[in-house]
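# Fold and contact review
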Amino acid sequence: MTSIPRLGESWSGTFWRHPEPRRAYDVVIVGAGGHGLATAYYLSARFGISDVAVLDMGWLGGGNMARNTTLIRSNYLWDESASLFEASLKLWEELPEELGYPIQISQRGVLALAHSLHDVRESQRRVYANATNGIDAEWLDPEEVAAFCPIVNVSASARYPVLGGALQRRGGIAKHDQVAWALARRADRAGVDLIEHCRVIGFEYQSQRMTGVRTSLGTIATRCVVLCVAGHTTSVAALAGLELPIQSYPLQALVTELYEPIHPCVIMSDRVHVYVSQAHKGELVMGAARDAYLSYRQRGSFGIIERQVTAALELFPVFATARVLRTWAGIVDVSPDASPIIGSTPIEGLYLNCGWGTGGFKATPIAGMILATLVATGALPDLATPFQLERFVSGALIDEHRAAGVAH
Amino acid sequence: MRVECVWCGPRDESEFRCAGPVTEPLPSDLDSLTGVAWARVLYQRANPEGWVDERWLHAAGCGQWLIVTRHTVSHEMAGSRPARPRIASL
């Protein structure tokens, strides 16, 4: 294995090959973002399946994987979501050693502020629910909030008074690009072909059985296709005649110029809707609610940025002189209950992974593990069975829209 | 983005609320719908990479509902019309 260079050293190695696609693979994964790459990685590392191609219409890790705010946490309210995201967080904790590449996981704590009596009750309910599910969660009073994150404005005269906060200490951030590169590098070494700039233009299936994928680089025969295309799920699934309850919206983020370390954790505020952390490099990274209307344009409305920055300045007066360096959006696939859709489809050999909405990054490892298990064994792991498409017919929704108090 | 209000002319998007794509009319045989058909009624909405007809409310303006035809990739607008023709005729 090529060693990774230290800063300042020259390096002639490559992270992954750039092969021409072969005419046939056991498994074709559509989308070389976090979920697609994690699926390829776990297929090869845990199940010894490496006759796999990962196709991407753009470049590897260039979609939502490069556009999220890098948060990882598992403090969801409902049991189904909590066990899913907790399993993901446990995999995150194993990944740095397993991948042998620094993905800069920093479990610095994710603190969700409460600004009203309702917030306090809702947050405390979530803390108790998390604790019941074995997930670390604790309630901080305003003084403890100030001690944990000294730059938060907890004064009584604040526009958004801080009445406390729900803290998950194991939550934090991971360097998204490096996660993609590390997974890609491992999958490539195991023999997986990562094929960039290859657009899927159709599927071939006979009597509801997958036989191949038509792409801009020719037709590839395969019995098994996994869709990990986030915001483009509707269009790609339509190529296989599937209609899905998904809508695509921009989710924006922004970074400021680089500053000295001043922000020790991740602060979320559902009420005023902004979340802020400071990247290892020094930028303040901020995100907010998704945009209000359907769009496939990766930039979003300025009004959202204006509102989130206004809220951030009220919470963190110290940011008053910070300058925005750049803003962008990723296109997120939102399901009716703001929970993911995972599993089989009416077409044998076509597997779905979508609907992660605004929370897909933190699920990168578990999405990969679930899909790899499904492809390799034909069975969906227990923790994923509540998340199948059938729930929209049965009515067994997992309504994280209301539970999280966040506009997904 | 600017949205063309039928009554007020082009206005900044911040004056509006978007209520999503126009939905199909409810099926007339609601009592006999299958679970799959109900799921479709409740949860299936348009999500094209292209032109879509959407309902917009000019909330901070005249308070009227519009149907706006908009391109979801370019954000180009191809015209607005009143959501309820009988109101437009008043």
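Only a predicted model underlies this, so the values are computations on that prediction, with no experimental measurement involved.

## A short note on the overall build of chain B
Within chain B, the secondary structure is distributed over two helices and six strands. Helices (α) and strands (β) of chain B occur, in sequence order from the N terminus, as β-β-β-α-β-β-β-α. Dimensions of chain B, computed from the C-alpha atoms along their principal axes, are close to 45 × 35 × 20 Å. A separation of at least 24 residues holds for 47% of the contacts in chain B among residues at least 6 apart in sequence. Surface summary for chain B: the accessible area is close to 5400 Å², and the carbon and sulfur share equals 52%. Taken together, the 10 basic and 11 acidic charged side chains of chain B have centroids lying 6 Å from each other.

## A closer look at unusual backbone geometry
Residue and element names in this part refer to chain A. Its identity as a non-glycine residue notwithstanding, serine 207 has a phi of 40 degrees, on the positive side. Its place among the elements puts serine 207 in the loop between β9 (200–206) and β10 (209–215). Judged by its relative accessible area of 75%, serine 207 falls in the exposed class. Here alanine 230, not a glycine, exhibits a phi torsion of approximately 45 degrees, which is positive.

## Considerations on the sheet that holds β9(A)
Residues and elements named next belong to chain A. Taken in spatial order, the three strands make up an open sheet running β9-β10-β11, and their pairing is antiparallel. Either end of the sheet is taken by a strand with one partner, and the two such strands are β9 and β11 (218–221). Going from strand to strand, the sheet's axes swing by 25 degrees on average, the running direction of each strand aside. In this sheet, β11 lies alongside β10 in antiparallel orientation, the contact comprising four bridges. The residue of β11 that forms the bridge with valine 213 is isoleucine 220.

## Topic: the interface of chain B and chain A
The interface is formed by 23 residues belonging to chain B together with 20 residues belonging to chain A. For the pair chain B and chain A, the summed buried surface comes to about 1800 Å²; carbon and sulfur atoms form 52% of the total. Inspection of the region where chain B meets chain A yields one salt bridge. Glu243(A) is the partner of Arg40(B) in a salt bridge, and the nearest nitrogen-oxygen pair spans 2.9 Å. Counting every contact that joins chain B to chain A gives 16 residue pairs in polar contact (both at pLDDT 80 or more). Elements that contribute at least two residues to the side of chain B that touches chain A include exactly β3 (17–21), α1 (35–43) and β4 (51–57) of chain B. Of the residues belonging to the side of chain B that touches chain A, the class tally is 11 nonpolar, six polar and six charged.

## Remarks on the environment of Ser32(B)
Residue and element names in this part refer to chain B. Note on placement: serine 32 falls in the loop between β3 and α1. Judged by relative accessible area, which is 52%, serine 32 ranks as exposed. Along the primary structure serine 32 and arginine 81 are separated by 49 residues, whereas in three dimensions their C-alpha atoms are 34 Å apart.

## Describing helix α2 (residues 79–99) of chain A
Residues and elements named next belong to chain A. Over its 21 residues, α2 extends 29 Å from the first C-alpha to the last, a length consistent with the 30 Å expected when each residue adds 1.5 Å. The sharpest bend along α2 measures roughly 30 degrees and falls at glutamate 93, with the proline proline 96 sitting one to four residues further on. Taken together, the buried positions of α2 are occupied by Ser81, Ala82, Leu84, Phe85, Glu86, Ser88, Leu89, Leu91, Trp92, Leu95 and Leu99.

## Side note on the pattern of salt bridges
Residue and element names in this part refer to chain A. Counted according to the given criterion, the structure contains 24 salt bridges over all chains. Close ionic contact of arginine 17 with aspartate 193 constitutes a salt bridge, the shortest N to O distance being 3.1 Å. Note that arginine 17 is positioned in the segment before β1 (27–30) and aspartate 193 in strand β8 (residues 193–195), a separation of 176 residues in sequence. When its relative accessible area of 35% is taken as the criterion, arginine 17 is described as partly exposed. Of the residues examined, aspartate 193 reaches a relative accessible area of 3% and is grouped as buried.

## Quick word on the confidence of the model for chain B
Averaged over chain B, the pLDDT score is 92; the fraction of residues at 70 or greater is 93%. Across the whole predicted complex the pTM is 0.95, and at the interface the ipTM reaches 0.93.

## Re the nonpolar core
Val27(A), Ile29(A) and Trp92(A) are the most contacted members of the largest nonpolar core, which has 56 residues in total. Excluding its chain neighbours within four sequence positions, the residues that come into contact with Val27(A) are Leu43(A), Ile49(A), Asp51(A), Val52(A), Ala53(A), Thr222(A), Cys224(A), Val226(A) and Val375(A). In this structure, Ala53(A), Ile195(A), Met210(A) and Ala39(B) belong to the second largest nonpolar core, which totals 29 residues.

## Digging into the pairing of strand β4 (residues 110–114) of chain A
Within a regular beta strand, the side chains point alternately toward one face of the sheet and then the other, so they alternate between its two faces. Residue and element names in this part refer to chain A. Across the five residues of β4, five count as buried, placing the element largely inside the fold. Inspection of the sheet shows β4 paired to strand β6 (residues 164–168) by five bridges, in the antiparallel sense. Across the sheet, valine 110 pairs through a bridge with glutamine 168, a residue of β6. Across three bridges, the pairing between β4 and strand β14 (residues 266–269) is parallel. Looking at the pairing, leucine 111 lines up with isoleucine 267 of β14.

Conventions we followed
- Residues numbered from 1 in each chain as written.
- Chains lettered and ligands numbered in written order.
- Predicted model: local features only at pLDDT ≥ 70, side-chain atom pairs only at ≥ 80, totals over all residues.
- Heavy atoms only, no water.
- Helix = DSSP H or I, 4+ residues; strand = E, 2+ residues; numbered from the N terminus.
- Contact = heavy atoms within 4.5 Å.
- Areas by Shrake-Rupley, 256 points an atom, 1.4 Å probe, with all protein chains shown as cover.
- Lys, Arg positive; Asp, Glu negative; His and termini not counted.
- Charge placed at Lys NZ, Arg CZ, Asp CG, Glu CD.
- Buried < 20%, exposed > 50% of the residue type's maximum accessible area, 1.4 Å probe, protein only.
- Pairing = 2+ DSSP bridges.
- Axes fitted to C-alpha atoms, helices over the stretch in contact; angles between N-to-C directions.
- Buried area = accessible area lost by both parts, 1.4 Å probe.
- Salt bridge = Lys/Arg side-chain N within 4 Å of Asp/Glu carboxyl O.
- Polar contact = N/O pair within 3.5 Å; in protein donor to acceptor, adjacent residues only side chain to side chain.
- Nonpolar A, V, L, I, M, F, W, Y, C, P; charged D, E, K, R; others polar.
- Expected span 1.5 Å × (residues − 1).
- Bend = angle between axes of the 7 residues up to and from the residue.
- pLDDT = per-residue confidence, 0-100.
- Core = buried A, V, L, I, M, F, W, Y, C linked by side-chain atoms within 4.5 Å.

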